[in-house]
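Residue-level listing of the chains:
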Amino acid sequence: RAMRFDPESEVALVVTTGAGAEEAIVGAGRYIVTGGPEGARTAEVAFTVEEDFHGLGIAGRLLRHLASIARERGIASFEAEVLPENKAMQAVFARSGLPLRTRREDGVVRPLLEVSRAETEVYCVEHGLVVRIDGTNPDTARGLIRTEILPLLRRLHPGAEANLRALGETRARL
């Protein structure tokens, strides 16, 4: 495993300074696909930046490039593990422009950055993939909530979905 590399499920980018014999890596970002079906895969993302280069936007730039590559490869979301005291890394995720949900678990902050269903559908169409909608539960309470109640809430109050997510996160911490 250590010597095999699959570019469809693993991507690593580096940031360097200097040139030639003086070139040095000062930051790196990587994602590894952790699961999910084609078009809705999830990947764990991680970054490291040399201390002297903190605060220069390196991790944010790496995240944007990794997200762009991930979209092209049908990855729907990134997840990560961030220590609660690492406010700088939490800020990188918060400023990413990607939809963000966080949860605290086992003393670790777990941000989840999502690529929207619309983005995923566009990707599928552009790459000749079949768009599949989960049709396994239309007659269940979950299906009713997904197909009727949430669309109605979105029309009545554009922030309703974010409020429900926040409520769920608050309840999980209680």
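Use the structure listed above.
Computed from a prediction, not measured in an experiment: that's the story for all the values here. (Residues numbered from 1 in each chain as written. Predicted model: local features only at pLDDT ≥ 70, side-chain atom pairs only at ≥ 80, totals over all residues. Heavy atoms only, no water.)

Brief notes about a nonpolar patch on the surface
Spelled out, the test is: Note that patches include only residues with greater than 30% relative accessible area and no salt bridge, and the join distances are 9 Å for like charges and 5 Å for nonpolar side chains (Val, Leu, Ile, Met, Phe, Trp, Tyr). Surface exposure here means Shrake-Rupley accessible area, sampled with a 1.4 Å probe, where a residue is shielded only by the protein chains that are shown. Whenever Lys or Arg places a side-chain nitrogen within 4 Å of a carboxyl oxygen from Asp or Glu, that contact is recorded as a salt bridge. Starting at the N terminus, helices and strands are each numbered in turn, a helix being any DSSP run of H or I of at least four residues and a strand any DSSP run of E of at least two. For each residue, the accessible area found with a 1.4 Å probe, counting protein chains only, is set against the maximum for its type, and the residue is called buried under 20%, exposed over 50%, and partly exposed in between.
Where nonpolar side chains cluster on the molecular surface, the patch consists of Leu 144, Ile 145, Ile 149, Leu 153, Leu 164 and Leu 167 and spans about 490 Å² of accessible area. Listing elements by their share of the nonpolar patch, those giving two or more residues are α4 (141-156) and α5 (160-173). In terms of residue count, the dominant contributor to the nonpolar patch is α4 (four residues). Within the secondary structure, Leu 153 is located in helix α4. Take Leu 153: its relative accessible area is 31%, and that puts it in the partly exposed class.

Describing the pattern of salt bridges
Throughout the structure, instances matching the rule amount to one salt bridge. We note a salt bridge from Glu 10 to Arg 30, for which the minimum N-O separation is 2.6 Å. With Glu 10 in strand β1 (residues 10-17) and Arg 30 in strand β2 (residues 24-35), this pair connects stretches of sequence that are 20 residues apart. On the accessibility criterion, Arg 30 (36% relative accessible area) is partly exposed.

Concerning the nonpolar core
To keep it simple, the criterion reads: We define the nonpolar core as a collection of buried residues of types Ala, Val, Leu, Ile, Met, Phe, Trp, Tyr and Cys that are connected through side-chain atoms lying within 4.5 Å of one another. Should any heavy atoms of two residues lie within 4.5 Å, those residues are considered in contact.
By size, the foremost hydrophobic cluster in this structure holds 24 residues, and its most contacted members are Tyr 31, Val 45, Phe 47, Leu 66, Phe 78, Met 89 and Phe 93. When contributions to this core are tallied by element, the ones reaching two or more residues are β2, β3 (41-49), α1 (58-72), β4 (75-79) and α2 (87-94). For this core, the element with the most residues is α1, which contributes seven residues. Setting aside its immediate chain neighbours within four residues, Tyr 31 contacts Ser 9, Glu 10, Val 11, Ala 43, Glu 44, Val 45, Leu 66, Ile 69, Ala 70, Arg 73, Ile 75 and Phe 78.

A few points about the packing of α1 against α2
Operational definition: The convention used is that axes are lines fitted to C-alpha atoms, helices contributing only their stretch in contact, and that angles between N-to-C directions extend from 0 to 180 degrees. Note on angle classes: values under 35 degrees are labelled roughly parallel, values over 145 roughly antiparallel, values of 65 to 115 roughly perpendicular, and the remainder oblique. With the far helix as reference, a near helix turned anticlockwise by less than a right angle produces a left-handed crossing, and one turned clockwise produces a right-handed crossing.
In the contact formed by α1 and α2, the axes pass within 9 Å of each other and the chain directions differ by 40 degrees. On the basis of the axis angle, α1 is oblique to α2. The handedness of the crossing between α1 and α2 is right-handed. Counting all contacts with α1, which are made through Ala 59, Gly 60 and Leu 63, the residues of α2 involved are Met 89, Val 92 and Phe 93.

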